[in-house]
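Take a look at the letters that make up each chain.
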Amino acid sequence: MSTHAKGRDAARAIDALRRGWPIRLNAEDGAIRLMAVEGADAVTLAGFDPAGRADILISAARAETLKLANQLAAADPDWPVLVERAPWIDADVATAISDPVLDLASPLKGPFRALPLAAPHAAKAALRLARLAGILPAFFLLDGDGPAEVDVDADAIGAYDDAVHLAIATRARLPVAAGEHAEIVAFRSADEPREHVALVMGRRDASPPVIRIHSECLTGDVLGSLKCDCGPQLHQALHQIADARWGILLYLRQEGRGIGLVNKLRAYALQDQGFDTVDANVRLGFAIDARDFSVAARMLDLLGVKDVRLLTNNPNKVAGLEAAGISVTERLPIVLPANPHNERYLATKRDRTGHQL
Ligand SMILES: Nc1nc2c(ncn2[C@@H]2O[C@H](COP(=O)(O)OP(=O)(O)OP(=O)(O)O)[C@@H](O)[C@H]2O)c(=O)[nH]1
Ligand SMILES: [Zn+2]
């Protein structure tokens, strides 16, 4: 199958899940039909699963919270877990099983029973699809035989946000507060709707530019959230770039470290209950950092940049760029004063995700 056809199938599956439509996911070990638990109600569930037999697929981390993890000797601790559909599990209970934010308000009773996965590779691809769709990683699951709105292969999901088809769409002068000599460059991929942009500042020469890779943060960048340091870091970075001979800000549409706005806000709700930013992500069933910096490397490539001086405290960004073929000649720290709301966030970055602060 061509990469474009794969991208189309993955995009359709993401769209279908967000709308609450069933999909069929095919992998080397079998096919499964899935409907997102998020947004399902009694009517849509009955349409998908008239016999009330669909089991519930959740992440390994969520299974651990539900005390299900030890029921199966899984070959891979990252494999999702299938929860048997007891007769009392309706759409509302399934939502409570899926969403850790609800744990305080509606403690789960159980007992739950874990079932062996018939197609673990398909199930794992389903969880990746949930992250790409920005929904909770939880599905009603039926076997592969039967109707579904969309068919998608696991390898199409794996390749979905590969930056291969990224291209420069257009560019224009954009004087900004930090500096008047700036040009905005917009990037587009045929497969993926999110448009990344680069702001190139100063006069280009042969020296390595100062680069900041900024991941979108609606709450911090736009609303001035004090929970994180994204907004001040963005503006500080623009000024540091403007002060350099030349530099580039890459603005990546990877909200919430790649889990999407709604899931990030779910993580915030868990933080309100006392979890830190790392544990909140894990409890939701996501990686601590779901970002892939190869898209940044591809953008630099398209801009003709091979060597950079990178503004970051995050060693994973340096490693991610280097792995994608960009040489980081220097790491420049970006340090801002804490406020009472983001002290813990910054401490977690330092203590748990290796940020050099
Ligand atoms: N999932 C999740 N994402 C968050 C949280 N707080 C901020 N983010 C996201 O984190 C991203 C910013 O990444 P940071 O970890 O602040 O910084 P970094 O970019 O990895 O490291 P530096 O380059 O050193 O700043 C943005 O996409 C934010 O939306 C949170 O509590 N949970
Ligand atoms: Zn932020």
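Residues numbered from 1 in each chain as written. Chains lettered and ligands numbered in written order. Predicted model: local features only at pLDDT ≥ 70, side-chain atom pairs only at ≥ 80, totals over all residues.

A.B. asks: Quick question: what am I supposed to make of the packing of helix H10 (residues 261–272) against helix H11 (residues 277–284) here?
C.D. replies: If you want to describe how two helices pack, look at the angle between their axes and the distance between the axes. Contact geometry for H10 and H11: axes closest at 9 Å, N-to-C directions at 120 degrees. For the element pair H10 / H11, the angle class is oblique. Judged by the sense of rotation from one axis to the other, the crossing of H10 with H11 is right-handed. Residues Asn263, Arg266, Ala267, Leu270 and Gln271 of H10 lie in contact with H11, whose contacting residues are Thr277, Ala280, Asn281, Arg283 and Leu284. Counted by class, the contact of H10 with H11 contains four nonpolar, four polar and two charged residues. (Axes fitted to C-alpha atoms, helices over the stretch in contact; angles between N-to-C directions. Helix = DSSP H or I, 4+ residues; strand = E, 2+ residues; numbered from the N terminus. Parallel < 35°, antiparallel > 145°, perpendicular 65-115°, else oblique. Left-handed = near helix turned anticlockwise from the far one by under 90°. Contact = placed C-beta atoms within 7 Å. Nonpolar A, V, L, I, M, F, W, Y, C, P; charged D, E, K, R; others polar.)

A.B. asks: I keep staring at the site of ligand 1 and nothing clicks. Help me out?
C.D. replies: Of all residues adjacent to ligand 1, which total 20 residues, the nearest are Ser215, Cys217, Thr312, Asn313 and Asn314. Within the residue set of the shell around ligand 1, elements represented by two or more residues are helix H8 (230–243), helix H9 (255–258), H10 and H11. Per element, the largest residue contribution to the shell around ligand 1 is three residues, and it comes from H9. Across the shell around ligand 1, the residue classes tally to five nonpolar, 10 polar and five charged. (Near = placed C-beta within 6 Å.)

A.B. asks: Would you explain H8 in this entry?
C.D. replies: Spacing of three or four residues puts side chains on the same side of an α-helix, whose turn is 3.6 residues. Taking 1.5 Å per residue, 14 residues should reach 20 Å; H8 reaches 20 Å between its end C-alpha atoms and fits that length. Among all positions in H8, only Gln233, Ala237, Leu238, Ile241 and Ala242 are buried. Buried residues of H8, seen end-on, are gathered within an arc of 170 degrees and therefore sit on one face of the element. (Expected span 1.5 Å × (residues − 1). Buried ≥ 20, exposed ≤ 12 C-beta atoms within 10 Å, placed from the backbone. Arc of directions from axis to C-beta.)

A.B. asks: Is there a simple way to explain the UniProt feature "domain: GTP cyclohydrolase II" (unreviewed entry) in the chain in this structure?
C.D. replies: Under the present numbering, the feature "domain: GTP cyclohydrolase II" (unreviewed entry) in UniProt falls on residues 171–333. Helix makes up 37% of residues 171–333 and strand 25%, whereas the separation of the span's terminal C-alpha atoms amounts to 29 Å. (UniProt positions renumbered as here; feature names shortened; annotations may be inferred.)

A.B. asks: Could you clarify how one ought to interpret the packing of helix H1 (residues 3–19) against helix H5 (residues 120–133) in this entry?
C.D. replies: Relative to each other, H1 and H5 sit at 75 degrees, their axes nearing to 9 Å. In terms of their interaxial angle, H1 and H5 are classed as roughly perpendicular. Residue-level inspection shows Ala13, Ile14, Leu17 and Arg18 of H1 in contact with H5, the latter providing Leu129, Leu132 and Ala133. Tallied by class, residues from the contact of H1 with H5 come to six nonpolar, no polar and one charged.

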